[in-house]
Every structure is written in structure tokens, then in C-alpha cells.
Amino acid sequence: MNSNMNRRAFLGTTGTFIAGSLMSSPLAGRAIARGEKIKTVLVGTGIRGTSFWGRTLVQNFPDLIEFVGLCDINPGRLEYARNFMGVTCPTYSNFEQMVTETRPDLILVTTKDSTHHEFIIKGLDMGCDVLTEKPLTTDEDKCQAILEAERRSNNKLIVGFNYRWSPYPTKIKELLQSGVIGKITSVDFHWYLNTYHGASYFRRWHGLRQAGGTLWVHKATHHFDLLNWWLDSDPEEVYAYGDLEHYGSSGPFRGDKCRTCSHKTECKFYWDITMDQRAMDLYVKNEQYDGYIRDNCLFRPEINIYDKMSAQIKYRDNTYVNYSLTTYSPYEGWKIAFNGMKGRIDAWIDIPFMNNENISQSDMHAIEMSQEDDTMLREPVIVHKLWSDYEVHQVEYPRGGHGGGDELLHEQIFKNPDRKDPYDRPAGVRDGAMSILIGIAARKSIESGNPVRIAELTDLEPRARRI
Ligand SMILES: NC(=O)c1ccc[n+]([C@@H]2O[C@H](COP(=O)([O-])OP(=O)(O)OC[C@H]3O[C@@H](n4cnc5c(N)ncnc54)[C@H](O)[C@@H]3O)[C@@H](O)[C@H]2O)c1
């Protein structure tokens, strides 16, 4: 149900708790001591880098942040990024040269997932704070190397988990923290990606496990981070199944790419990239430099990730989780239920028939990708105590910017990083690691047919309480 309150007004109401002093900010600290802005560089000038970690920061924090360098392996995309973000800083193809010459306070890492570790480790070792997009990395060896780099560094590593900051997941956290349903014993968590958003992963580099670690890591890192944070316990053991049945070589036909495909008329997944100016500017105009095809065929045989995934996760505090991820659902949304000793919480987002929603799934996908949509939504969280009636908590949140999480994450990182958050939302390296380790364990479990213990993957020991 749409509300009359718009997104700006909503963020205005949260401003009283997010506004604060910059003086003690760990990121801003050295810059403020110099009486200057935070000298920031960005590596990976793709869609997420140039928008959320690029233009949005330039526009919203002009007094706080100064971009002093941009880096990418694609020179065309680099040049585009400079114009799109509205900055005049130098551009680099060599990361170390950029850091040596520009001496930044902060490095933003928004490259392809499998390369994050390279820039996180070099950045920390070169004396900078680092903020990386999720996932922290894609396998356990790179994860261990990041853990060690963070331990030997005096600098800060932040993982940009935006979903925690959306008001709807935050409400669930608040209710769980209150103990209203007692000790949690089991959880059912099911995430549905539709045939626009879900399919888009198979068109892109995300379809190759060597680039994104499969959706167990690339996508499910968000979901596993939410679970770890909601339950406030570490995962201990994972048993999983997964298969590729809808996309990749399972498809009925295939072509070179959508633009030139001979199956345009019969393929339900045909996507005309020429209608999307931003995708044309970012990717098509720069194919000549790296050969990356953004509208690649989602039935190409080299796709080697799963399109249906199911796992059982046992937590250190003995909570059992049943999790699934579907990539070709007619609608996009998720459902979760927590069973506790004193009752149960049910929650869901974007299930069209549960709230008379009539937005099309293609529009939904466009909004998911956008930072500009202003619509506010209201969805219920149901608390049902044993031997008692149920209570409905209506939660208001913005539809765009990952349910309002993106904007609140920026505010916390750049405006008030030292504020003690009552919901423990800021995420560091341990959170980043624990969320990907569930996905990595799931991959290993599928390959071996056995349950996989989280403690076998890195030197992190799962704890019954996270902190
Ligand atoms: N938190 C979220 O909700 C969210 C949303 C979207 C993307 N992301 C994350 O952001 C990151 C970027 O995703 P995207 O959608 O912008 O992808 P993208 O393909 O649009 O951009 C990736 C960029 O990295 C560059 N790159 C790749 N390897 C490089 C290397 N070795 N050195 C320098 N540059 C390199 C590419 O040329 C490209 O410009 C990913 O890690 C992704 O998981 C997070």
C-alpha cells in the first residue's frame, strides 16, 4: 500500500537521529585534523561505483568528500565516470600508482567481486581506510588473506551492507532484540528473484562462478548477513543443494547477444539494451576495450552458477535455518518466519497478492536499480505470541535505494560513524566474512554431498553470540 509520506519527508524524520558531529569520525578524522575534505578514490567505475558510491556522494556530501582519483581497467568507462560523476580528478588503470600519487584517506572498492580482495589488501597495506561493496570476496583463501591484512593494519575496513539499514529489516531486528517471541529456535527464509532481476545475473559477469562466486556468494551474502545480524549468532554448519535448470545450457536456444540474436521474437528474455542510455554509455560504447557484453545470452553454455539453491544452516546457538533462493520467479520478493519459544514472527516484502500490488515486474526491476524513486510503501510484520492474539506492526519504508537502506548507510558512514547504533547495523570485516562463508560452505556442500563446518574454512571460530 502506498503512503502519502514521500521518501524525502521520511528521511527528514530520521535526520534527527542521524545528524551528528564529524569531529570523531574515524574516516574523517585525519582529513578534519588537516582541515580538509576526505580524500577519496574509487576503483571500479561500473554502475554501482559511478552512481551510489560516485555521483550520489558527490551530490550529497560536497563539503565532506573530495574525489582525488578513479581507477578501472576499462579506459572508456573511466572517462564516462568522470563526466557522469561531475569530477575532474585524474584517472588511472594502475591502482597502486593511483594510491601512491593521490595519497587518499579512503578507498571505495566497487569492482567485480572476485577482485575485491586485491584492492582491500593493497589499500589497507598502503595505509588507507577501505570501504568495499559486498560481497567481501568470493572464496575462503581470499577471505583469510583479507582477515590477516585487516589485523596487521591500523586502518578501518567497512563492508557496505545496505539491507540492514532499510526500515523493514530494522523493525524485525528491533522485535527480535526485544525478546517478544523468546529464544529463536528455527527460521524459514525464502528469497524470490523475478525473471527480470533474476535473469539479469545470468546475462552479466555474475553468471561465471570465477567472477562472482555464484549467487550463493554474490547475492545471498545480503541474505546471510541479515540472518547473522537478526539472530545475533554465527553460522556453524551448512548443508546445501543447488542446480542450473532454467538458464545456461538448459535453455531452448542461444544467440551471440540480444542485439544480434535471431531468436528475438520467441525469447521471453529478449532485452533491448539500446533503449537504456546509461547501459549503452557504460557498457556498449566501451566493449571495444575489454570485450564485456552486457546483454549477453543468458542461455550461453559457459554459465556455471546455480539458478535454484536450497540450504540448511545450523547456528552456533542451535537455531536451524531453512533458506532458498529462486532466480526465475514470476514476482520478486521475500518471506521469512522466525519460530521462538514464546511465539512466531512472520514478515514479507513485495509479495504482490498479499497487498494488492499492481506494479509490473519490469517496473519493479527498474526501481530496484534506481536511486531516484520516491515512493513510500507500508508492509506488516506480524508478531504472534503463544496462547495469545496476533499483533500487526505496519512499517513504512522507501521503495527505491534498496528499501531506503542505501541512503541511511551513507548517512551513518559519512555523517555519524561513531554514533552507537541501537540495532548494531554498522558492518565490519567479521560480518563480511561470516556472510560469505555460509555461501562458500553451501558451494562446498553441493560439491561434496556432505555438511560443511564454517570453522574449517578460515581461522574464524563461530560464536554463540556474535560479539
Ligand atoms: N550493495 C548492493 O546492493 C549492490 C548493488 C549492485 C552492485 N553491488 C556490488 O558492486 C560491485 C560492482 O558491481 P556493478 O554492478 O557496478 O558491476 P559493473 O560490471 O557495472 O562494474 C564493475 C567495474 O569494475 C571494473 N573492473 C573489473 N575488474 C577490475 C580490476 N581488476 N581493476 C579495476 N577495475 C576492474 C569493470 O571494468 C567495471 O567498470 C560488485 O561487487 C557488486 O556485488 C552491490
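Residues numbered from 1 in each chain as written. Predicted model: local features only at pLDDT ≥ 70, side-chain atom pairs only at ≥ 80, totals over all residues. Heavy atoms only, no water.

Draft legend 1. Representation of the environment of lysine 156 in the model. With respect to the helices and strands, the residue lysine 156 is situated in the loop between helix H7 (140–152) and strand S6 (157–159). A C-alpha to C-alpha distance of 17 Å links lysine 156 and lysine 420, two positions 264 residues apart in sequence. (Helix = DSSP H or I, 4+ residues; strand = E, 2+ residues; numbered from the N terminus.)

Draft legend 2. Fine view of the pattern of salt bridges. In total, this model carries 35 salt bridges according to the counting rule given. Aspartate 406 is the partner of arginine 48 in a salt bridge, and the nearest nitrogen-oxygen pair spans 3.1 Å. Within this pair, whereas arginine 48 is found in helix H3 (residues 47–60), its partner aspartate 406 is found in helix H17 (residues 405–415), the two being separated by 358 residues in sequence. With a relative accessible area of 0%, aspartate 406 lands in the buried category. The residue lysine 415 makes a salt bridge to glutamate 411 at a minimum N-O spacing of 3.6 Å. Remark: glutamate 411 and lysine 415 occur in helix H17; sequence separation between them is 4 residues, near one turn of the helix. (Salt bridge = Lys/Arg side-chain N within 4 Å of Asp/Glu carboxyl O. Buried < 20%, exposed > 50% of the residue type's maximum accessible area, 1.4 Å probe, protein only.)

Draft legend 3. Just the sheet that holds strand S12 (residues 343–349), in detail. With respect to topology, 9 strands assemble into an open sheet ordered S14-S13-S12-S11-S7-S10-S9-S8-S15, the strand pairing being mixed. The strands lining the two open edges of the sheet, one partner per strand, are strand S14 (390–398) and strand S15 (452–453). In this sheet, S15 lies alongside strand S8 (residues 235–243) in antiparallel orientation, the contact comprising 2 bridges. Looking across to S15, one finds that glutamate 237 is bridged to arginine 453. (Pairing = 2+ DSSP bridges.)

Draft legend 4. A look at helix H6 (residues 116–125). Taken across its 10 residues, H6 has 7 buried, putting it largely inside the fold. Every buried residue belonging to H6 is among His116, His117, Phe119, Ile120, Ile121, Gly123 and Leu124, and all of these are buried. Buried residues in H6 make contact with strand S1 (38–43), helix H5 (95–102), strand S4 (106–109), strand S5 (129–132), H7 and S6. Of the residues trailing H6, glycine 127 is marked for its positive phi of about 85°. (Contact = heavy atoms within 4.5 Å.)

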